[in-house]
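Coordinate inspection notes
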Amino acid sequence: MSDLRRIRIEVNGKNHECDVETRLHLADFLRHQLGFTGTHVGCEHGVCGACTVLVDGLSVRSCLMFAVQLDGHKVTTIEGLGSVQALSKLQQAFHEEHGLQCGFCTPGILMTLVELLKENPFPTESEVRDRLSGNICRCTGYESIVDAALLAAKRIAEGDSK
Amino acid sequence: MKQSFVGVSVPRKEDLALLTGGGRFVDDLKVDGMLHMALVRSPHAHALIKNIDTTRALSLPGVHAVVTHAELPDTFRDKPIPLVHPNTAISQGFLPYVLAKDEVCYVGEPIVAIVANSRHVAEDAVALVDISYEPLPAISDCKDALKPSAILAHVDAKSNVAARVPFKFGDIDAAFKDAPIVLKESFFQHRGGSFFMECRAGLAQYDPMLDLYTVHLGTQVPHQMKRFYMDLLELGDNQIRVIAPDVGGGFGSKAPFYPEYALLPMFAEKLRHPVKWVEDRYENFVSTFQERDQYWEVELALNSDGKIRGLRGSFIHDGGAYLPRGLIVQWISATTVPGPYVMPAFSMELISAITNRVPTSAVRGAGRPQAIFVMERLLDQAAKKIGIDRAEIRYRNFVQPDQMPYSVGLIYRDGKPVTYDSGDYPACLSMALDRIDYAGFKKRQLEALSKGRYIGIGIGNYVEGTGLGPFESVTVRITTTGKIFLYSGAAPQGQSHHTTLAQVVADQLGVEPSQISVVTGDTGSISLGVGTFAARTAVNAGSSAHIAAIEVRRKILSIAASVMEVSENDLTLEDGFVSVVGAAGFKRSFKEIAVIAAGIPGYSLPPGVSAGLEHTATFSPAQSTYSNGSHVAEVEVDIETGYVRILRYVVGHDCGRIINPKVVNGQVVGGVVHGIGNALFEHIRYDDQGQPLTVHFGDYLLPQASDVPRIEVLHMESLTSLNPLGIKGAGEGGTLPASATIISAIEDALSPFQVKINETPISPQRLFELLGDAALGRTK
Amino acid sequence: MKASAFKYHDPHSLSEALDMLASLENTIILAGGQSLVPMMNFRMVTPDHLIDINRLTALSSIELHENSIKIGAMTRQRDLEFSPLIDTHLPVIQEALQYVGHRQTRNRGTLGGSLCHLDPSAELVAVCALMDAVLHVQSKNGARDVPINLWGQGLMTHSMQPGEMLVGITISPWQGPHGYSFVEFARRHGDFALVAVACLLRISANGTISDASLCLSGTDSSPLRVTSAEQILIGNKPSHEVWRAASEEAAKLKAINDPLISQKYRQHLARILSYRALEIANERALNSQGRHYE
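Since this is a predicted model, take the numbers as computed values, not measurements.

**A few points about the interface of chain A and chain C**
Contacts between chain A and chain C engage 30 residues on the former and 31 residues on the latter. Between chain A and chain C lies a buried interface of about 2,600 Å² when both sides are counted; carbon and sulfur atoms form 49% of it. On the chain A side of the contact with chain C, A:R23, A:L64 and A:F66 bury the most area, a combined 23% of that side's loss. Linking chain A with chain C are seven salt bridges, by the criterion used here. The closest approach of N and O atoms between A:E44 and C:K2, which form a salt bridge, is 2.7 Å. Linking chain A with chain C are 15 residue pairs in polar contact (both at pLDDT 80 or more). Contributions of two or more residues to the side of chain A that touches chain C are made by β4 (58–61), α3 (106–119) and α4 (125–132) of chain A.

Here you go:
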């Protein structure tokens with residue numbers, strides 16, 4: 001017998017009202033109930049960071065929150081960053097620097113960097129690496145990700161911020 | 001012709017979808033009526049199954065099926081998972097059933113399969129299955145497994161040896177007799193597992209109207225998976241389609257056919273619902289194949305100038321409880337030992353042991369890192385004993401460029417003699433040593449020492465057999481709408497094949513890579529294929545793409561010349577048109593040419609034209625082509641804590657012709673970081689009863705961004721004549737010598753303390769133990 | 001790894017939460033969730049009732065009362081990290097926080113959650129032990145205070161009774177110039193500490209150590225004040241020999257032996273990190289008096 005709750009949640013600027021099973025975590029809710037499959041599930045114990053989203057602008061591990069906790073809150077996922085026709089500066093930098101290979105960890109990494117670049121527009125390489133230490137990538141060895149982050153920072157600082 | 005794309009860092013075609021949340025990994029796929037599978041897995045490393053009661057599980061609302069071995073279909077109930085590489089040397093090759101019958105032999109072995117409305121409910125049902133076991137003693141460590149009175153891993157086993165294989169060439173007795181220098185060393189090596197970020201997953205659908213099973217599988221080898229399905233489920237060629245969508249990393253462990261995969265189409269047909277299974281991370285630790293342990297005992301005989309006379313020894317490989325992957329990794333380990341060095345005589349015995357742990361198979365590097373570690377550590381020891389520089393001893397033993405092609409004397413896993421086709425090993429090492437200023441290191445080391453800092457430098461060289469056969473398929477097709485398609489049996493998990501293969505074809509057809517649609521990993525789109533593993537795709541699919549594109553180009557020119565009544569030599573291809581040089585208006589579009597090649601019903605094709613503006617190539621290499629590289633690393637060791645920091649890491653790399661430099665660099669850097677994990681962090685531990693102690697990412701440490709330095713990669717391109725573009729594989733080279741290099745550097749940093757390190761990974765605690773009182777540092 | 005089913009409750013007031021705790025069986029409180037939810041996903045923890053106290057915003061506060069800092073149990077680690085009050089009065093907390101998990105976990109994790117979970121190597125618990133924190137507990141039946149040294153009763157087990165909830169923590173910062181440090185050894189950035197050492201030192205005008213607090217964590221099931229080291233330190237002038245002797249005391253304390261990390265290595269790290277912690281705290285103590293280390 002499921003325990004259901006109705007929640008009102010804003011995702012990428014749009015309001016949703018849904019009934020959620022209370023044990024459903026936020027990542028599964030976003031992916032399977034709302035169809036935002038961009039956020040990925042890599043470990044379900046809060047280490048790999050693939051599931052990172054922004055809740056009220058702050059990065060969180062969506063596998064460690066139950067969807068029911070998000071009633072009245074705002075979530076930003078990778079789908080809210082840009083589109084194929086209009087990549088954000090951060091996404092564009094990743095494309096130019098080969099900042100992804102299999103792409104599975106990428107959404108979590110992008111959300112982590114969105115938060116970083118908002119608070120620290122001029123991060124050093126070391127600061128980028130420290131902030132990314134909560135996101136595991138098995139493909140790239142991180143270097144191209146760091147280069148993409150630094151390039152994005154430069155461009156965001158130069159032009160309109162995104 | 002326009003610019004060449006091969007050799008250019010073309011931004012990836014794969015990126016836009018992945019960067020915007022539009023990736024299509026198996027768990028992203030949703031089909032109406034989809035159900036979810038979960039498994040009951042053995043909690044025992046070794047036990048007999050006495051009884052399974054599924055009553056409670058079956059009565060849970062939302063549960064659609066609960067299946068044990070007894071309820072599997074006739075076609076595969078008693079058919080074990082096939083052995084992928086038969087080898088006459090295998091004396092006891094235990095193979096698992098899809099679901100365990102009456103004996104379980106590792107923690108994690110699947111016993112009962114449950115399908116329910118959601119994964120949540122399926123897991124609820126897992127908890128309601130009642131199984132009574134008779135636990136049996138288990139054997140955990142592979143060295144212990146070979147002791148005379150060892151517990152047997154299987155009830156029916158005669159011993160814990162799956163295979164013993166000797167590898168020999170030259171006169172090993174003469175090599176050791178009267179050898180001025182003989183070293184004897186033992187090594188323990190552990191390589192953990194693949195630990196891709198996306199766990200294994202599959203989604204099976206059965207369409208009764210088409211009588212077709214479609215399985216989306218996170219696999220590296222969809223065509224091989226189709227063959228397994230045809231065999232196990234007794235299906236016809238037109239009844240099963242396997243598709244690898246976006247796959248989040250494979251690293252070797254998504255190549256095997258796993259028991260769970262057989263269950264999905266079975267359930268889809270039985271229940272008339274699509275059925276999905278997504279491995280969770282706990283399952284990943286206990287059921288995805290790993291690479292794990294090897295114990296080596298070796299001796300190296302040298303002349304007093306450091307030249308190798310011969311190497312002999314044996315090693316024990318932890319094969320785990322079953323051997324569906326045969327002896328691939330073990331064989332590669334044995335045949336990689338000589339590496340880039342002249343080895344006059346060699347004798348190695350491979351012993352593949354059976355243990356009560358999850359099976360092992362290839363993980364990026366596939367047994368080569370272990371062989372390289374042995375050779376490189378021995379050379380370090382030899383240099384020390386003789387009193388010559390560690391780089392110098394390598395130079396004295398390298399196979400020289402003028403000795404190419406060089407026959408090592410062993411048979412590689414591809415069944416062919418190990419023959420290095422091209423490469424300049426001394427130049428590659430020099431390139432790396434110069435970049436890191438090896439010559440100036442002694443001075444840096446002494447300066448650091450004067451300030452109480454311990455830094456060291458290490459070297460590791462490798463040769464890697466790449467571009468493994470038998471072939472890879474590529475169809476290049478220009479359709480009657482004028483659009484260009486490339487289909488391939490390659491099945492990428494991040495290696496950027498869509499981009500690199502498009503680059504190769506673009507060069508021949510005079511278009512941009514963005515104008516080519518690439519479809520990989522779909523058995524429905526191309527009938528033959530092998531898959532993406534073992535650094536084989538650029539060589540095989542790249543060559544096939546090249547050959548197919550050349551043939552399509554030839555057809556375009558031939559048809560156009562005929563239709564336009566000009567000489568082929570006067571024609572050029574650009575942007576989807578074939579035009580007369582210097583008369584740009586006199587042209588035909590690819591669309592028009594394709595329509596001609598498709599023929600007009602009732603009419604014969606023009607003379608000399610075969611049907612369709614397309615060609616399928618299955619380039620088949622005569623043998624593997626050998627990449628090589630040299631790694632040099634500087635590290636600092638905090639002797640008080642045992643913490644190792646990598647200060648600099650330089651890679652000298654030669655993979656022949658590079659299609660896309662950024663892609664290759666990404667492979668190398670990613671590989672090095674995996675290797676850093678193998679050297680310093682990654683260890684899967686079991687207790688002596690076969691219980692896994694490492695079952696989550698808190699205990700299994702993957703390298704993080706803050707743990708690794710920038711990796712400096714320098715390239716040489718020694719083209720091979722074994723394929724038309726001169727390409728060699730690049731996917732694993734970064735990983736291969738990393739452990740050897742880093743451990744060599746650590747040992748060098750600790751040389752004031754006479755510490756010898758014959759193991760990998762090495763932890764801070766282990767360094768503390770090896771340092772003894774020296775670790776007290778300032779607190780002494 | 002999906003959590004087992006539970007009934008979800010989200011009280012909007014403390015008294016509502018306490019009523020729930022008193023009346024429901026097999027309950028668990030959800031605070032930051034960074035330690036709890038992984039365990040629920042692994043089904044290591046299977047409550048019938050999950051009481052989500054994230055709506056109790058009144059429990060998230062950092063206030064200065066006379067000479068004490070009062071921190072609500074639901075105060076996020078992130079808020080401690082960016083708090084000017086903490087920066088001024090309890091900088092050792094901010095130094096400890098740089099080792100606590102990652103930004104994503106600190107955005108949700110709470111001080112109270114850390115104190116109730118009681119991981120043996122938890123940095124914030126160590127700092128509370130360093131500073132003789134007092135924990136405030138409430139139930140439907142009343143409130144009581146628990147000094148930190150009586151808070152834990154074994155591995156990852158607090159001493160609260162059924163129906164009780166941690167609501168706040170009071171820490172009294174050292175007054176006047178003094179030095180602090182928090183030093184940790186972990187395998188990777190953000191990992192659980194193998195061993196960590198927290199330290200406070202006050203140097204008097206005549207150059208001797210007048211007050212010392214040295215706390216180890218990760219060696220045993222709960223943080224340990226190295227009182228024998230503190231006794232060696234007090235009354236002596238800072239020197240290599242004094243640090244050496246004090247750190248040797250830290251190395252003598254009982255430590256856990258497990259398949260991953262041996263007792264000997266833990267004790268060795270206790271020694272090494274104590275030495276480093278003392279050095280840094282001393283340097284800061286001297287700086288706080290306007291002097292420099294010679």
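**Focus: helix α15 (residues 537–564) of chain B**
All names here are of chain B. For α15, with 28 residues, the first-to-last C-alpha span of 38 Å sits near the 40 Å given by 1.5 Å per residue. Across the 28 residues of α15, 22 count as buried, placing the element largely inside the fold. Phi for E565, located one or two positions after α15, is positive at around 55 degrees.

**Here's the deal with the interface of chain A and chain B**
Listed by partner, the interface residues are 47 residues for chain A and 56 residues for chain B. At the boundary of chain A with chain B, total buried surface from both sides reaches about 4,200 Å², with 57% on carbon and sulfur atoms. When the buried area of chain A at its contact with chain B is split by residue, A:H95, A:H98 and A:R138 rank highest and sum to 19% of it. A salt bridge links A:R31 to B:D27; its shortest N-O distance comes to 3.0 Å. Across the chain A-chain B interface, the total number found is 23 residue pairs in polar contact (both at pLDDT 80 or more). Within the side of chain A that touches chain B, the residues separate by chemical class into 17 nonpolar, 17 polar and 13 charged.

**Focus on the pattern of salt bridges**
Residue and element names in this part refer to chain B. The tally for this structure, following the rule as stated, stands at 90 salt bridges over all chains. The partner of K101 in a salt bridge is D78, and the shortest N-O contact between them spans 3.4 Å. On the criterion of sequence distance, the pair formed by K101 in the loop between β3 (63–67) and β4 (103–104) and D78 in the loop between β3 and β4 is long-range, its members being 23 residues apart. Relative accessible area serves as the criterion here: at 38%, K101 is assigned to the partly exposed category.

**Observations regarding the environment of B:S543**
Residues and elements named next belong to chain B. Note on placement: S543 falls in helix α15. Since its relative accessible area comes to 0%, S543 is described here as buried. Considered as a pair, S543 and L722 are 179 residues apart in the sequence and their alpha carbons are 10.0 Å apart. In contact with S543, other than residues within four places in its own chain, are A538, F619, N723 and P724.

**Structural notes on the packing of aromatic side chains**
All names here are of chain B. Enumeration according to the criterion identifies 31 aromatic pairs over all chains in this entry. Between Y258 and F289 the ring centres are 4.5 Å apart and the planes differ by 50 degrees, which places this aromatic pair in the tilted class. Remark: F289 occurs in the loop between α8 (281–287) and β13 (293–302) and Y258 occurs in the loop between β11 (240–243) and α7 (259–271); sequence separation between them is 31 residues. F289 gets classed as buried once you look at its relative accessible area, which sits at 5%. Residues W296 and F315 carry aromatic rings whose centres are separated by 4.1 Å and whose planes lie at 10 degrees to one another, so their mutual orientation is stacked. Of the two residues, W296 is situated in strand β13 and F315 in strand β14 (residues 308–318); the sequence distance between them amounts to 19 residues. With a relative accessible area of 0%, W296 lands in the buried category. According to the relative accessible area criterion, F315 is buried, its value standing at 0%. By way of ring pairs, the aromatic residues Y341, Y395, F398, Y406, Y412, Y420, Y425 and Y626 are connected into one cluster. Positioned over the ring face of Y258 is R200, at 3.6 Å from the centre of the ring. For K587, the ring lying beneath its charged end belongs to F577, and the centroid distance is 4.3 Å.

**Description of the state of the cysteines**
Residues and elements named next belong to chain B. One pass over the structure, following the stated rule, counts zero disulfides over all chains. Here C105 is not disulfide-linked; the sulfur of C142 is the nearest cysteine sulfur, at 17 Å. Of the residues examined, C105 reaches a relative accessible area of 1% and is grouped as buried.

**Structural notes on the packing of α15(B) against helix α16 (residues 590–598) of chain B**
Residue and element names in this part refer to chain B. Orientation of α15 relative to α16, taken along the N-to-C sense of each, is 90 degrees, at an axis distance of 10 Å. In terms of axis orientation, α15 runs roughly perpendicular to α16. Contact residues: α15 offers I556, I559, A560 and V563, while α16 offers F590, I593, I596 and A597. Of the residues contributing to the contact of α15 with α16, the split by class is eight nonpolar, no polar and no charged.

**Regarding the domain arrangement of chain C**
All names here are of chain C. Domain annotation for chain C reports domain 1 (7–52), domain 2 (60–171) and domain 3 (179–289). Each of domain 1 and domain 2 has a C-alpha centre, and these two points are 19 Å apart. Between domain 1 and domain 2, the contact holds twelve residues from the first and 15 residues from the second. Around 1,000 Å² of area is buried between domain 1 and domain 2 when both sides are counted, 74% of it from carbon and sulfur atoms.

**As for the pairing of β14(B)**
Residues and elements named next belong to chain B. Inspection of the sheet shows β13 paired to β14 by nine bridges, in the antiparallel sense. Paired with E299 across the strands is R312, a residue of β14. Hairpin connection between β13 and β14: a loop of five residues separates the two successive antiparallel strands, and G306 in this loop has a positive phi of roughly 90 degrees. Bridge count for β14 against strand β15 (residues 346–353) is eight bridges, and the pairing is parallel. Counted as the bridge partner of L311 is F346 from β15. Where the polypeptide runs from β14 across helix α9 (residues 328–336) and back to β15, its parallel neighbour, the crossover connection is right-handed.

Conventions we followed
- Residues numbered from 1 in each chain as written.
- Chains lettered and ligands numbered in written order.
- Predicted model: local features only at pLDDT ≥ 70, side-chain atom pairs only at ≥ 80, totals over all residues.
- Heavy atoms only, no water.
- Contact = heavy atoms within 4.5 Å.
- Buried area = accessible area lost by both parts, 1.4 Å probe.
- Salt bridge = Lys/Arg side-chain N within 4 Å of Asp/Glu carboxyl O.
- Polar contact = N/O pair within 3.5 Å; in protein donor to acceptor, adjacent residues only side chain to side chain.
- Helix = DSSP H or I, 4+ residues; strand = E, 2+ residues; numbered from the N terminus.
- Expected span 1.5 Å × (residues − 1).
- Buried < 20%, exposed > 50% of the residue type's maximum accessible area, 1.4 Å probe, protein only.
- Nonpolar A, V, L, I, M, F, W, Y, C, P; charged D, E, K, R; others polar.
- Phe/Tyr/Trp six-rings, centres within 6.5 Å; stacked < 30°, edge-to-face > 60°.
- Lys NZ or Arg CZ within 6 Å of the ring centre and 35° of its normal.
- Disulfide = S-S within 2.5 Å.
- Axes fitted to C-alpha atoms, helices over the stretch in contact; angles between N-to-C directions.
- Parallel < 35°, antiparallel > 145°, perpendicular 65-115°, else oblique.
- Domains from an automatic or database assignment.
- Pairing = 2+ DSSP bridges.
- Right-handed = clockwise from strand over helix to strand, strands pointing away.

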